[in-house]
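Single-letter residue listing:
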Amino acid sequence: MLKTGPVWALGAMSGTSLDGVDAAMLLTDGKAIFEFGETAYQPYSDKDRQVISAAFGKWPGDAGVEAATELVEAIHAEVLSGFKKAELVGFHGQTLAHDPGGRGTHQAGDGQRLAELLNKPVVWDYRSSDVEMGGQGAPLAPFFHFACAKWIKADAPLVFLNLGGVGNVTWVDPSKSAPEEEGALLAFDTGPANAPINDLVAQRLGQDCDRDGQLAAQGVVDMALVRAFLKRGYFHQVPPKSLDRNKFGDLLQQVSGHSDADAVATLTAIAAASVGKGMEHCPVPPERVLVCGGGRHNRVLMALLAGVLKCPVLPVEEVGLDGDMLEAQAFAYLAVRVMRGLPTSAPMTTGVAAAVGGGKVGRPGNIT
Ligand SMILES: Nc1ncnc2c1ncn2[C@@H]1O[C@H](COP(=O)(O)OP(=O)(O)OP(=O)(O)O)[C@@H](O)[C@H]1O
Ligand SMILES: CC(=O)N[C@H]1[C@@H]2OC[C@@H](O2)[C@@H](O)[C@@H]1O[C@H](C)C(=O)O
């Protein structure tokens, strides 16, 4: 049993951009944020990235999945074992495939095995029960965004924008008292963010990202391609809605005739335009957009967003949050909610039939 009151939870996230594993401590009772704690980051090597990306789009039992899973577990065990103060762990794992309307959702990494290795309770498989109840299983950070809005004492509707491999937004009404309350949240994936940019610069230049947007800054945006992209069905779907990382895998083909700089500039403009399009769904316009995720370091992307959005666009650091660790903190927060039987998603965050508490709990000594 988890003791009552606030506990130190350790969250870990390996995101779709495949840069590495983020880990962060959070003191929470599953409702409010009490304190932010230590963090760690372990980048994937090129070899790790190859093993994991070879398993993208694959399901348990498919070739390559076991190797990727072992790697994900081993790297998490290494990073997380340093956090002695953690009373429990929230382990997201690595999404390999996401098809909520079909085969489900697949995060590599077994929380029971990790619980044995770390000798602590591990909450994992956060997305499956939401999907089983008709939800998208993503995004799941929104309940934490609600807690962040309270922590920063926001007094008007605002948006959290995460620019990871995929982009996602959470619109928050901070006047509500709980994230599951009707009208408190609206969340969905906006479109591709860093994933296509990373893939293109990896393929063409052997780089891991377009650092600070340097290449995009030298290119010319193919506006016709951007306009055509926004006509795709996904952008006309009413949220909640979510994306597989490789849903727009044909994008690289679309820019194959462009120079490196023009191609990256166009993919960057597509990421910004997708967010702009998504904002049309907000119940009321947000007072500000607070940006987390690695894409906020991309100056071109941030400048384009400032042009597209009709309110201030600020990195979350402006309000005292850590934009590189927000998702890891989210899974720490959600771990405590799961342990306490509190919901982790709701109809307006994932489209699930009713508020649901996702997540399994792995406990040391439970291996059969
Ligand atoms: N200085 C930088 N300049 C440009 N892009 C950057 C910079 N730093 C990080 N990024 C981008 O941000 C990515 C990492 O972002 P983040 O860790 O938020 O993604 P993620 O958690 O893997 O993805 P997701 O949120 O989709 O699961 C990198 O792969 C890179 O594309
Ligand atoms: C299926 C899956 O892993 N989705 C990720 C991905 O990365 C960003 C976006 O797409 C978001 O929906 C989600 O991650 C964050 C952490 C979330 O669940 O809120």
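These numbers were taken from a predicted model, which means no experiment stands behind them.

The subject of this paragraph is helix α2 (residues 65-80). Its 16 residues place the ends of α2 22 Å apart at the C-alpha level, agreeing with the 22 Å of an ideal helix rising 1.5 Å per residue. For α2, the set of buried residues is Ala68, Thr69, Leu71, Val72, Glu73, Ile75, His76 and Leu80.

This part is about unusual backbone geometry. In this structure, Pro139 follows Ala138 across a cis peptide bond, with omega equal to -10°. On the secondary structure map, Pro139 appears in the loop between α4 (128-132) and α5 (142-151). Residue Pro240 is reached from Pro239 by a cis peptide bond, and omega for that bond is 0°. In this structure, Pro240 sits in the loop between α7 (223-229) and α8 (251-254).

Let us look at the site of ligand 1. Surrounding ligand 1, one finds 22 residues, the nearest of these being Gly15, Gly164, Asn194, Gly293 and Gly294. Tallied by class, residues from the shell around ligand 1 come to three nonpolar, 14 polar and five charged. Shared between two domains, the shell around ligand 1 holds at least three residues of each, these being domain 1 (7-137 + 326-362) and domain 2 (142-319).

This brings us to the sheet that holds strand β11 (residues 313-315). Spatially, β9-β8-β7-β10-β11 is the arrangement adopted by the five strands of the open sheet, whose pairing is mixed. Every other strand in the sheet has two partners, leaving β9 (185-192) and β11 as the edge strands with one partner each. Averaged over all adjacent pairs, the angle separating strand axes in this sheet is 25°, with direction ignored. Here strand β8 (residues 166-172) runs beside β9; their pairing, made up of seven bridges, is antiparallel. By the bridge assignment for β9, Thr170 is matched with Ala187. Contacts between helix α9 (residues 260-278) and the sheet are confined to β7 (158-163), β8 and β9, with β9 contributing the most and set at about 150° to the helix.

All right, on to helix α10 (residues 299-308) then. Within the span of α10, buried status applies to Val300, Leu301, Met302, Leu304 and Leu305. The elements touched by buried residues of α10 are β7, α9 and β11.

Next up on the list: the site of ligand 2. Lining the immediate surroundings of ligand 2 are 17 residues, of which Thr95, Ala138, Pro139, Ala141 and Val166 lie closest. Put simply, the parts of the chain that give the shell around ligand 2 at least two residues each are β4 (88-99) and β8. By residue class, the composition of the shell around ligand 2 is five nonpolar, ten polar and two charged. No fewer than three residues from each of domain 1 (7-137 + 326-362) and domain 2 (142-319) sit in the shell around ligand 2.

For the rest of this paragraph, the subject is the pairing of strand β5 (residues 104-108). Within β5, four of the five residues are buried, leaving the element largely enclosed by the surrounding structure. As judged from the five bridges shared by β4 and β5, these two strands associate in the antiparallel manner. Bridging from a neighbouring strand, Ala97 pairs with His106 of β5. Following β4, the chain reverses through four residues before pairing antiparallel with β5.

Let's shift gears to the domain arrangement of the protein chain. When the domains of the protein chain are assigned, the result is domain 1 (7-137 + 326-362) and domain 2 (142-319). Computed from C-alpha atoms alone, the centre-to-centre distance between domain 1 and domain 2 is 22 Å. With 30 residues of domain 1 in contact, the opposing surface of domain 2 contributes 28 residues. Going through the elements one at a time, β4, α11 (326-339) and α12 (347-350) are the ones with two or more residues in the side of domain 1 that touches domain 2. Looking at the side of domain 1 that touches domain 2, the element that brings in the most residues is α11, giving six residues.

Right, let's get into the nonpolar core. Judged by nonpolar contacts, the single largest core of 112 residues is most densely connected at Ala9, Leu10, Ala12, Val89, Ala332, Leu334 and Ala335. Examining the composition of this core, we find that eleven residues originate from one element, α11, more than from any other. Split by domain, the residues of this core number at least three in each of domain 1 (7-137 + 326-362) and domain 2 (142-319). If sequence neighbours within four positions are ignored, Ala335 has contacts with Ala9, Gly11, Leu88, Val89, Gly90 and Val123.

Definitions and limits used
- Residue positions are counted from 1 within each chain, in the order its sequence is given.
- Written order decides the labels, with chains lettered from A and ligands numbered from 1.
- Selection of residues for local features in this predicted model requires a pLDDT of at least 70, selection of side-chain atom pairs for listing and counting requires 80 or more, and totals for whole chains, interfaces and linings are taken over all residues.
- Secondary structure elements follow DSSP: runs of H or I no shorter than four residues count as helices, runs of E no shorter than two count as strands, and numbering proceeds from the N terminus.
- To estimate the expected span of a helix, subtract one from its residue number and multiply by 1.5 Å.
- Every C-beta atom is placed from the backbone, and the number of other C-beta atoms within 10 Å of a residue's own sets its class: buried at 20 or more, exposed at 12 or fewer, partly exposed in between.
- Using a C-beta atom placed from the backbone, a residue is scored as near a molecule or strand whenever that atom is within 6 Å of it.
- Three categories are distinguished: nonpolar for Ala, Val, Leu, Ile, Met, Phe, Trp, Tyr, Cys and Pro, charged for Asp, Glu, Lys and Arg, and polar for the others, with Gly belonging to the last.
- Boundaries between domains were set according to an automatic or database domain assignment.
- Paired strands, in this sense, are two strands between which DSSP finds at least two bridges.
- Fitting a line to C-alpha atoms yields each axis, with helices limited to the stretch in contact; the angle taken between N-to-C directions then spans 0 to 180 degrees.
- Contacts here follow a simple rule: the backbone-placed C-beta atoms of the two residues must lie within 7 Å.
- Any nonpolar core is a set of buried residues, restricted to Ala, Val, Leu, Ile, Met, Phe, Trp, Tyr and Cys, that join up through C-beta atoms within 7 Å.

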